[in-house]
Amino acid sequence: IGFVPVSDVVAYRKEGLTIPSFTAPTDLVIRPLLMEDIPALVAMEAAAFEPRWRHSADDLYLAWRHSLCFTVATQDYLPVAFQFSTGGDGDNAHLSRMTVHPHSQGRGIGAALLANALDNYRSQNIKRVTLNTQSDNSVSRRLYERFGFQATGFSYPVWSYFPTRHPVV
């Protein structure tokens, strides 16, 4: 009927909250979300993801309202990355989203943000964490695996429909 597979979403899980060594920029500040950050986070989403994966301002506001933690990483007072997590049942957390602006990737910001989230979980007596990422996102998969996340074996395909455009006569 015209749908084609374009990616797979892969599930990961981490037991315990150990954090490997990493190097973060010395001027990086990680703090809770401020409402005035949301426009910058929407722009970051647009820079980092194709439309199917982007969150709108309304999405981010709702995510904040339902989050276990929502933090923003800044440099020179400007947002360069963010994450939000939801609580699962019992002592579980789910890292729902982690976005690092493409211009800031490869500098240890994602590692610092993930380590901060794990510390936050620890303070809330969380013992295990889950997350999902795309199978073709090798950068995020490498980071999560370095932090001890393991693929669960569960994945699901993402399908898209690309309608053929016919010229208007």
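Residues numbered from 1 in each chain as written. Predicted model: local features only at pLDDT ≥ 70, side-chain atom pairs only at ≥ 80, totals over all residues. Heavy atoms only, no water.

Student: How would you sum up the side chain of Ser104? Please name residues and give values.
Tutor: Inspection of the secondary structure puts Ser104 in the loop between β5 (92–100) and α3 (109–123). The exposure class assigned to Ser104 is buried, which follows from its relative accessible area of 6%. (Helix = DSSP H or I, 4+ residues; strand = E, 2+ residues; numbered from the N terminus. Buried < 20%, exposed > 50% of the residue type's maximum accessible area, 1.4 Å probe, protein only.)

Student: Tell me about the packing of α3 against helix α4 (residues 138–146), and name the residues and values.
Tutor: As a packed pair, α3 and α4 sit with axes 11 Å apart at the nearest point and diverge in direction by 45 degrees. Put simply, α3 runs oblique to α4. Of the two possible hands of crossing, α3 and α4 adopt the one that is right-handed. Here α3 contributes Gly110, Ala111 and Leu114 to the contact with α4, which in turn contributes Leu143, Tyr144 and Arg146. Here the residues of the contact of α3 with α4 sort into 4 nonpolar, 1 polar and 1 charged. (Axes fitted to C-alpha atoms, helices over the stretch in contact; angles between N-to-C directions. Parallel < 35°, antiparallel > 145°, perpendicular 65-115°, else oblique. Left-handed = near helix turned anticlockwise from the far one by under 90°. Contact = heavy atoms within 4.5 Å. Nonpolar A, V, L, I, M, F, W, Y, C, P; charged D, E, K, R; others polar.)

Student: Give a detailed account of the packing of aromatic side chains, specifying residues and quantitative values.
Tutor: Applying the stated criterion across every chain yields a total of 8 aromatic pairs. Seen from their ring centres, Phe3 and Tyr161 are 5.3 Å apart, and the 45 degrees between their planes marks the pair as tilted. One end of the pair, Phe3, is in strand β1 (residues 3–15); the other, Tyr161, is in strand β7 (residues 150–161), and 158 residues separate them in sequence. Residue classification places Tyr161 among the partly exposed positions, given a relative accessible area of 43%. Judged by centre distance (5.7 Å) and plane angle (40 degrees), the rings of Tyr61 and Trp64 are tilted. Here Trp64 and Tyr61 lie together in helix α2 (residues 57–65), a separation of 3 residues that amounts to about one turn. When its relative accessible area of 34% is taken as the criterion, Trp64 is described as partly exposed. Cation over ring: Lys14 sits above Phe149, and NZ or CZ is 6.0 Å from the ring centre. (Phe/Tyr/Trp six-rings, centres within 6.5 Å; stacked < 30°, edge-to-face > 60°. Lys NZ or Arg CZ within 6 Å of the ring centre and 35° of its normal.)

Student: Please set out the environment of Ala11 residue by residue, giving values where relevant.
Tutor: Relative to the assigned elements, Ala11 resides in strand β1. It is 11 Å that separates the C-alpha atoms of Ala11 and Leu95, two residues lying 84 residues apart in sequence. With residues up to four places along the chain from it excluded, the contact list for Ala11 reads Leu131, Asn132, Gln150, Ala151, Thr152 and Phe154.

Student: Would you mind going over the packing of helix α1 (residues 38–48) against α2 in detail, with residue names and values included?
Tutor: With their axes 9 Å apart at the nearest point, α1 and α2 run at an angle of 115 degrees to one another. When the axes of α1 and α2 are compared, the crossing they make is right-handed. In this structure, α1 uses Ile38, Leu41 and Val42 to contact α2, whose residues at the interface are Ala57, Leu60 and Tyr61.

Student: Go over the pattern of salt bridges with me, naming the residues and quoting the values.
Tutor: Scanning the entire structure with this criterion turns up 7 salt bridges. The closest approach of N and O atoms between Glu15 and Arg128, which form a salt bridge, is 3.2 Å. Taken together, the residues Glu15 in strand β1 and Arg128 in strand β6 (residues 128–134) connect sequence positions 113 residues apart. One salt bridge connects Arg97 with Glu45, and the closest N-O pair in it is separated by 2.8 Å. Of this pair, Arg97 sits in strand β5 while Glu45 is found in helix α1, placing the two residues 52 residues apart along the sequence. Using a relative accessible area of 11% as the deciding quantity, one classes Arg97 as buried. Judged by relative accessible area, Glu45 falls into the buried class, the value being 0%. (Salt bridge = Lys/Arg side-chain N within 4 Å of Asp/Glu carboxyl O.)

Student: Describe the layout of surface pockets, and please don't skip the residues or the numbers.
Tutor: Space inside the largest pocket adds up to approximately 800 Å³. Lining of the largest pocket is provided by 34 residues; of these, Met98, Thr133, Asn137, Ser140 and Tyr144 occupy positions nearest its centre. It is β5 that provides the largest number of residues to the lining of the largest pocket, a total of 7 residues. Taken together, the residues that form the lining of the largest pocket break down as 16 nonpolar, 14 polar and 4 charged. For the second largest pocket, the calculated volume is near 160 Å³. (1 Å grid on protein atoms, 1.4 Å probe; cavity = no way out; pocket = protein on both sides within 12 Å on 5 of 7 lines; lining within 4 Å. Points joined across faces, edges and corners; volume = space filled by probe spheres on them.)

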